[in-house]
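Listed here are the chains, written in short residue letters.
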Amino acid sequence: MSGKGKQTMRLDKILSHMGVGSRSELKKMVKQGRIRVDGKPVKDSGVQVNPDVNVIEADGERIVYREMIYLMLHKPPGVVSATEDNRDKTVIDLLRKEERVFDPFPVGRLDKDTEGLLILTNDGPLAHDLLSPRKHVPKTYEARVLGNVDEEDIERFKSGIQLDDGYETLPAELTVLHREETEEGVFSSVSLIIHEGKFHQVKRMFQAVGKRVVYLKRVAMGDLELDANLEMGSYRELTADELDRLRK
């Protein structure tokens, strides 16, 4: 059942990893003839197979084995960037069982009330690279700010902002998209690129210049942009090209 020069694995390990069932459930399925390899019912759930070569089926459905998962989520407000939470809905709660079996986790955090691009994966080394302070992976946000964001703010952001705890941020690129005068005051729509990810950083940066963020959305991480067709709360797998861009 195994291909030459390829790595073989226990069938039950493959199927349990893919969420088909527990070891005991898989034994029952084998007895009932519901699991096939290369078109033939298997007699032992612990048989060695090669997931790259052998065709594995459970209840007539082909099982394609893989170890890693990479998802792009359009995180909605009101959902927390965590794997579990006692009070609030988490980004993991938005996933189907098929994705949850991989034990993905969010790469970094978006505030509960912030929407936008969030990567979910079980690839620890990639997540570490994207979050490493040494890598300075740029993150692009769009924000609606209460206050008149002007050239002075742009220059201050360019040279780094001192936050309320004394931390000096790295230089950030602030662009004013448009301004709007309302009865509540002047609102500025801006784009902001930062190169680190301190707690509530964007909100605290504007707070430091006497302004308040009323809406915040992350639209890019490195070269990876949020899919404009991805509705809030929905997600999809990254394409091979997107994964390459993220790794760079």
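Here, the structure is the one placed above.
Calculation rules
Residues numbered from 1 in each chain as written. Predicted model: local features only at pLDDT ≥ 70, side-chain atom pairs only at ≥ 80, totals over all residues. Heavy atoms only, no water. Phe/Tyr/Trp six-rings, centres within 6.5 Å; stacked < 30°, edge-to-face > 60°. Helix = DSSP H or I, 4+ residues; strand = E, 2+ residues; numbered from the N terminus. Buried < 20%, exposed > 50% of the residue type's maximum accessible area, 1.4 Å probe, protein only. Lys NZ or Arg CZ within 6 Å of the ring centre and 35° of its normal. Contact = heavy atoms within 4.5 Å. Arc of directions from axis to C-beta. Pairing = 2+ DSSP bridges. Polar contact = N/O pair within 3.5 Å; in protein donor to acceptor, adjacent residues only side chain to side chain.

1. Quick word on the packing of aromatic side chains
By the definition in use, this model includes one aromatic pair. With a centroid separation of 5.0 Å and 45° between ring planes, the pair formed by phenylalanine 157 and phenylalanine 206 is classed as tilted. Of this pair, phenylalanine 157 sits in helix 5 (residues 151-159) while phenylalanine 206 sits in helix 6 (residues 201-208), and the two are 49 residues apart along the sequence. Look at phenylalanine 157 and you get buried, because its relative accessible area is 0%. Residue class for phenylalanine 206 comes out buried when judged on its relative accessible area of 1%. Positioned above the aromatic ring of phenylalanine 187, the side-chain terminus of arginine 144 is 4.2 Å from the ring centre. Seen from the ring of tyrosine 167, lysine 198 lies directly overhead, with NZ or CZ sitting 4.6 Å from the centre.

2. Looking at the side chain of lysine 217
For lysine 217, the location among the structural elements is in strand 13 (residues 212-221). When neighbours within four sequence positions are excluded, lysine 217 is seen to be in contact with His74, Thr114, Glu115, Gly116, Thr140, Tyr141, Glu142 and Leu226.

3. A word on unusual backbone geometry
The backbone phi angle of aspartate 38 is positive, close to 55°, even though this residue is not glycine. By secondary structure assignment, the location of aspartate 38 is in the loop between strand 2 (35-37) and strand 3 (40-41). Take aspartate 38: its relative accessible area is 41%, and that puts it in the partly exposed class. Positive phi, close to 55°, is recorded for aspartate 103, a residue that is not glycine. By the secondary structure assignment, aspartate 103 is in the loop between helix 3 (97-100) and strand 8 (105-106). Among the residues examined, aspartate 103 registers a relative accessible area of 60% and is labelled exposed.

4. Some thoughts on helix 5
All buried positions along helix 5 are accounted for by Asp153, Ile154 and Phe157. An end-on view of helix 5 places all buried positions within 100° of arc, on one side of the element. Those residues of helix 5 that are exposed and aimed more than 90 degrees away from the buried face are Glu151, Glu152 and Ser159. Contacts made by the buried residues of helix 5 are with strand 11 (173-182), strand 12 (185-194) and helix 6. At the exit of helix 5 stands glycine 160, carrying a positive phi of roughly 100°.

5. A word on the sheet that holds strand 5 (residues 56-58)
Pairing within the open sheet is antiparallel, and its four strands lie in the order 3-2-5-6. The outermost strands of the open sheet, each flanked by one partner alone, are strand 3 and strand 6 (61-62). The sheet contact formed by strand 2 and strand 3 spans two bridges and is antiparallel. Across the sheet, arginine 36 pairs through a bridge with proline 41, a residue of strand 3.

6. Regarding the pairing of strand 10 (residues 139-146)
Where strand 10 lies against strand 12, eight bridges are found, and the strand directions are antiparallel. Counted as the bridge partner of valine 145 is serine 188 from strand 12. The sheet contact formed by strand 10 and strand 13 spans eight bridges and is antiparallel. Looking across to strand 13, one finds that alanine 143 is bridged to leucine 216.

7. What to know about the environment of arginine 236
Following the sequence through the fold, arginine 236 ends up in strand 15 (residues 235-237). Take arginine 236: its relative accessible area is 23%, and that puts it in the partly exposed class. Considered as a pair, arginine 236 and leucine 130 are 106 residues apart in the sequence and their alpha carbons are 19 Å apart. Those residues in contact with arginine 236, other than ones at most four positions away along the chain, are Tyr70, Leu71, Met72, Asp227, Leu230 and Glu242. Looking at arginine 236, its side chain comes within polar contact range of the side chain of aspartate 227, at 2.9 Å. Within the structure, the side chain of arginine 236 is placed 2.7 Å from the side chain of glutamate 242, a separation counted as a polar contact.

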